[in-house]
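Summary of the model geometry
Each chain, written out:
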Amino acid sequence: MTPTTIDGVTIRIMRPEDYPQVKAYMEVEYYTAEPLSQASGEPVHLQNEEINDAFNQSIIAEGTSLLALDENDGGRIVGLVLACASYPDNVNKGTLNLKLENVEDNAWGRMYHLLMKAKREVNLFERYDIPKALYSHVTSVASWKRGKGLGSRLAATLMDLGRSNGFPLMMAFCTSFYSARQKEALGMECIYSIDYADYKDDEGRVIFTPAAPHTKLRVMSIKL
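Report on the accompanying structure. Quick caveat: nothing in here was measured; it's all calculated off a predicted structure. (Residues numbered from 1 in each chain as written. Predicted model: local features only at pLDDT ≥ 70, side-chain atom pairs only at ≥ 80, totals over all residues. Heavy atoms only, no water.)

1. Observations regarding the packing of aromatic side chains
We apply this condition: Pairing of aromatic rings covers Phe, Tyr and Trp, the last counted by its six-membered ring, and requires centre-to-centre distances within 6.5 Å; plane angles under 30 degrees mean stacked, over 60 mean edge-to-face, and any other angle means tilted. Starting at the N terminus, helices and strands are each numbered in turn, a helix being any DSSP run of H or I of at least four residues and a strand any DSSP run of E of at least two. Only protein chains enter the accessibility calculation, which uses a 1.4 Å probe; a residue whose area is less than 20% of its type maximum is buried, one above 50% is exposed, and one in between is partly exposed. Two conditions define a charge sitting above a ring: the NZ of Lys or the CZ of Arg must be within 6 Å of the ring centre, and it must be within 35 degrees of the ring normal.
Overall, the coordinates contain 6 aromatic pairs when judged by the stated rule. Residues Tyr30 and Tyr31 carry aromatic rings whose centres are separated by 5.1 Å and whose planes lie at 70° to one another, so their mutual orientation is edge-to-face. The interplanar angle of 65° and the centroid separation of 6.4 Å between the aromatic rings of Tyr196 and Phe208 together place this pair among those described as edge-to-face. Taken as a pair, Tyr196 in the loop between β7 (189–195) and β8 (216–223) and Phe208 in the loop between β7 and β8 lie far apart in primary sequence, 12 residues in all. Since its relative accessible area comes to 7%, Phe208 is described here as buried. Chaining the aromatic ring pairs together yields one cluster made of Tyr196, Tyr199 and Phe208. In this structure, Lys119 packs its charged tip against the face of Tyr135, placed 5.6 Å from the ring centre.

In structure tokens, the structure reads:
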């Protein structure tokens, strides 16, 4: 993929050596804005850190993740997408290959349980009869760059990258109302959702209570 620059912001493929800067960016810009992390009041970026680092680095190594860099600010990261291939054989184990019973009971672990439930129930590979899909795992735009179309540009660039790599479909798990709305505007459709108010623990307590308008997890997809 050839890097593209619009209004001083370059989008290129993320490289393994970018990870220290990516991790620092996510601590400040992603975990503080992602609705479930924000609502938990827990230091999610420090939870299951070793597993999370290994997972993110394995995603980056696939060459399907993107960085947005501000050329007018010394190449500072102003947005990113972490994305990887998903296959039928990792639906039950998850891309992390973790057993659910081994996941700690913290905000990170509870989010992992929710995403795994959605991944199983959406039944993506049988629904579309496909051998693989491009999974958009994380999309983030820096706080001072939001509302300027950068998130849409990142998603559209990822779709183009998916097509060029032979992926028949792209999917994204959107915990944020705004993220889902943005992807819907790009032609993605909601194929599954879970209302946070209906997602409860064994004692009937609601697990996630993010602020409005974030009321549900949506799984979005688009044929490429």
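2. What about the nonpolar core?
Rules: The term nonpolar core refers to a set of buried residues drawn from Ala, Val, Leu, Ile, Met, Phe, Trp, Tyr and Cys, joined through side-chain atoms within 4.5 Å. Between two residues, a contact is recorded if the distance between any of their heavy atoms is within 4.5 Å.
Residues Met26, Leu80 and Leu124 are the most contacted members of the largest nonpolar core, which totals 69 residues. Here Leu124 is in contact with Ile130, Ala133, Leu169, Met171 and Ile191, once residues within four sequence places are set aside.

3. Details of the pairing of strand β5 (residues 133–141)
Heads up, the rule is: Note on pairing: DSSP must find at least two bridges between two strands before they are called paired.
The element β5 is largely enclosed, with a buried count of 7 among its 9 residues. Across 8 bridges, strand β4 (residues 76–86) lies against β5 in antiparallel orientation. From the neighbouring strand, Cys84 faces β5, where its bridge partner is Tyr135. The pairing of β5 with strand β6 (residues 169–174) spans 3 bridges and is classified as parallel. Each bridged residue has a counterpart across the sheet, and for Tyr135 the counterpart in β6 is Met171.

4. A closer look at the pattern of salt bridges
What counts here: For salt bridges, the criterion is a side-chain nitrogen of Lys or Arg within 4 Å of an Asp or Glu carboxyl oxygen.
Taken as a whole, this structure holds 14 salt bridges when the rule is applied. Across the pair Asp160 and Arg163 runs a salt bridge, and its minimum N-O distance is 2.8 Å. You can see Asp160 and its partner Arg163 sitting in helix α6 (residues 150–164), 3 residues apart, about one turn around the helix. Its relative accessible area of 48% is what places Asp160 among the partly exposed residues. Where Arg205 meets Asp201, a salt bridge forms, and the shortest distance between an N and an O atom there is 2.9 Å. Accessibility expressed as a relative area gives 49% for Arg205, which makes it partly exposed.

5. Details of the environment of Ala172
In this fold, Ala172 is placed in strand β6. Taking the relative accessible area as the measure of exposure, Ala172 reaches 1% and is therefore buried. A sequence separation of 25 residues divides Ala172 from Gly147, and the C-alpha atoms of the two residues are 20 Å apart. Leaving out residues up to four positions away in the same chain, Ala172 has contacts with Ser136, Lys183, Met188, Arg218, Val219 and Met220.

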